[in-house]
Each structure stands twice: as structure tokens, then as C-alpha cells.
Amino acid sequence: MTDRTTPPDWLDANRATWDERVGLHLKSDAYDLAPLREGRAVLHPIEEAEIGDVAGLRIAHLQCHFGRDTLTLAQKGAARVVGLDLSGEAIRVARELAGELGLADRATFVEADLYSAPEALAEDGPFDMVFVTWGAIGWLPDLDRWARIVAELLRPGGRLYLAEGHPAAMVFDTDAGEAADEKPAWRYPYMDFGLQKEEAPKDYTGDFPDLEAGHEYWWDHPLSEILSAVASAGLRLDWFHEHDQVPWPMFSFLAPAPGAMYRWPDRRWLPLAFSLQASK
């Protein structure tokens, strides 16, 4: 039976794990900042191929972590990018990076949880684009409310860009399959997606020790829930794409691909990611 409960400590617990992840990610090759510091930053190949020219746009980057992609969008010519994240440590680092890179006039950062975005970003909008990518919506218990917030932040004609891990791949155990020829095991029934609680969580970027923050919560959302939330918020789906690659080693046996991506090593068994654009 699908569990849609919202634990009372979900926000504090998840904030603690993301505060801790900032230091790990600053040391990780997965968050290499050299291209950004050298003025040649790019997004992952999926986003680069799909978002189009951002020059002159006002963009809200929701759940921005420490702002690497926020600053990349500013470096690519966006008129103003506002990154929002619940982690105070992430926002502190993001502001330092903006100053170091000379982008503080075009890239600003706000510390707030996603559901507080309308109030936290009230003076910065409305926006031409809301940008949400990679491991973001799974931290949210209520996607209908998320989509309404996205619609509220957009100007008429503005657009949501969303890129995420594909729910069809989330049915598997991500810790299984250490051998190159071993497939991951079934673990999470798609039709019963819902709340997951992980004790002593590990980070997804490498062989770091278990996080000290304790536990974290995650909600698996089926594709129907995601698309219905977008439609119910009054956003028009412009296009929807599925991809055979993803920008983190979702399963240990995935093969590296160009652009810091990972894909199936042999046949394209299932989509690993999806992306969509929806307009107000």
C-alpha cells in the first residue's frame, strides 16, 4: 500500500543531510568546479541540448544545492538567476562562489525550503524560466503543491524545465549489481511508490563514509503523478523526452558516457532519465 505520510521531522532531517553533503561534494569529481572557474562551464548534455538560449532570461533555480548550475546559467548569459535551497551551508558556499567568479550581480541565492519559495522569491519574480534538475523532486512529499508554486513563480508565457531520474528505473535496488554483468534487483514496486526512510544514508557521489546526520526521507513519484501535477497547476506540456543516460551512477554497473553521464553498458533496457518543458 502506498505510503504518502509526511513525517514531522522530514524537513529538519533532510536539511541536516544536505548541510553535510556540501563539504563532500566540494571534494568530489562529480562536482568539478574547474570549468566554472575557467569560464567554460556547461550543463549536462541533456540540458545543454534542450533548454535553448538563456541570454537575457530571469531564471529561478529551485533546490540549487551550492549553485554550480545556477552560476553556469549566469555565466551562459542569463540576466538574473536566483538559486533557492534549504541548506544554509549550501547557500553560504554558493554566495562565496558567486563573489569569487564575479557573478554576484547576476546570480543571487536565497536560503529557504521549496514550499516557502513564493514568499522567499517574491521580490525577484516573475521568472522566464523555472529550472529544476536531477534528484530534486524526490525530496518533496507534495508534488501538486510544488507544481502550483512553479506556476506562481512564472510570468505568463514562462516555462518550467525539469530533468530527473526516470521513475521506471527507480524500481531497482541501486546498491545491487557490483559486477559488470550483474543486473540490479527489483526492490520498490512502482504501483506502491511513496515514502522511503534511509538510516545512516550514504552519498551518491563516491566512496564516502555514511553521513553523520542520522536519517533522511525520500518520496518516489510515479510518472503519472509528476505529469498530473504539472497539468493540474495549469501548465501546458510542450514536450516530454526519455533518455538512456543519467548524470550519476544510478547503478554501480552503469558505463561512463561523454559529458559526465552514465548509461547501460550493453542494451538500452529502460529509460534512466526524463525531461520536460511546460509553459504557463
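Structural notes, computed from the coordinates.

Conventions and cut-offs
- Residues numbered from 1 in each chain as written.
- Predicted model: local features only at pLDDT ≥ 70, side-chain atom pairs only at ≥ 80, totals over all residues.
- Heavy atoms only, no water.
- Phe/Tyr/Trp six-rings, centres within 6.5 Å; stacked < 30°, edge-to-face > 60°.
- Helix = DSSP H or I, 4+ residues; strand = E, 2+ residues; numbered from the N terminus.
- Buried < 20%, exposed > 50% of the residue type's maximum accessible area, 1.4 Å probe, protein only.
- Lys NZ or Arg CZ within 6 Å of the ring centre and 35° of its normal.
- Contact = heavy atoms within 4.5 Å.
- Pairing = 2+ DSSP bridges.
- Salt bridge = Lys/Arg side-chain N within 4 Å of Asp/Glu carboxyl O.
- Axes fitted to C-alpha atoms, helices over the stretch in contact; angles between N-to-C directions.
- Parallel < 35°, antiparallel > 145°, perpendicular 65-115°, else oblique.
- Left-handed = near helix turned anticlockwise from the far one by under 90°.
- Nonpolar A, V, L, I, M, F, W, Y, C, P; charged D, E, K, R; others polar.

**Side note on the packing of aromatic side chains**
This structure, assessed with the given rule, holds 15 aromatic pairs. Between Phe 172 and Trp 186 the ring centres are 4.9 Å apart and the planes differ by 45°, which places this aromatic pair in the tilted class. With Phe 172 in the loop between β5 (154-165) and β6 (195-199) and Trp 186 in the loop between β5 and β6, this pair connects stretches of sequence that are 14 residues apart. The exposure class assigned to Phe 172 is buried, which follows from its relative accessible area of 9%. Between Arg 21 and the ring centre of Trp 18, over which it is positioned, the NZ or CZ distance is 4.8 Å.

**Re helix α8 (residues 223-232)**
Every buried residue of α8 is accounted for by Leu 223, Glu 225, Ile 226, Ala 229 and Val 230. Each element contacted by the buried residues of α8 is listed here: α7 (143-153), β5, β8 (236-243) and β12 (273-279).

**Observations regarding the sheet that holds strand β10 (residues 255-257)**
In spatial order, the strands read β9-β11-β10; together these three strands make up an open sheet with antiparallel pairing. A strand with exactly one partner marks an edge of an open sheet, and here the two such strands are β9 (245-246) and β10. With three bridges joining them, β10 and strand β11 (residues 261-263) adopt antiparallel strand pairing. Across the sheet, the residue bridging to Pro 256 is Tyr 262, located in β11.

**A look at the pattern of salt bridges**
This structure, assessed with the given rule, holds 14 salt bridges. The closest approach of N and O atoms between Glu 48 and Lys 76, which form a salt bridge, is 3.1 Å. On the criterion of sequence distance, the pair formed by Glu 48 in helix α3 (residues 45-50) and Lys 76 in the loop between α4 (68-75) and β2 (80-85) is long-range, its members being 28 residues apart. Bridged by salt links that share partners, the residues Glu 89, Arg 92 and Glu 96 form one connected network.

**Concerning the packing of α7 against α8**
Helix packing geometry: the angle between the two helix axes and the distance between the axes. Where α7 contacts α8, the axes come no closer than 8 Å and their chain directions differ by 40°. The orientation of α7 with respect to α8, classified from their angle, is oblique. Crossing hand, α7 versus α8: right-handed. Listed contacts from α8 to Leu 143, Asp 144, Trp 146 and Ala 147 of α7 are Glu 225, Ile 226, Ala 229 and Val 230. Each residue belonging to the contact of α7 with α8 can be placed in one class, and the counts come to six nonpolar, no polar and two charged.

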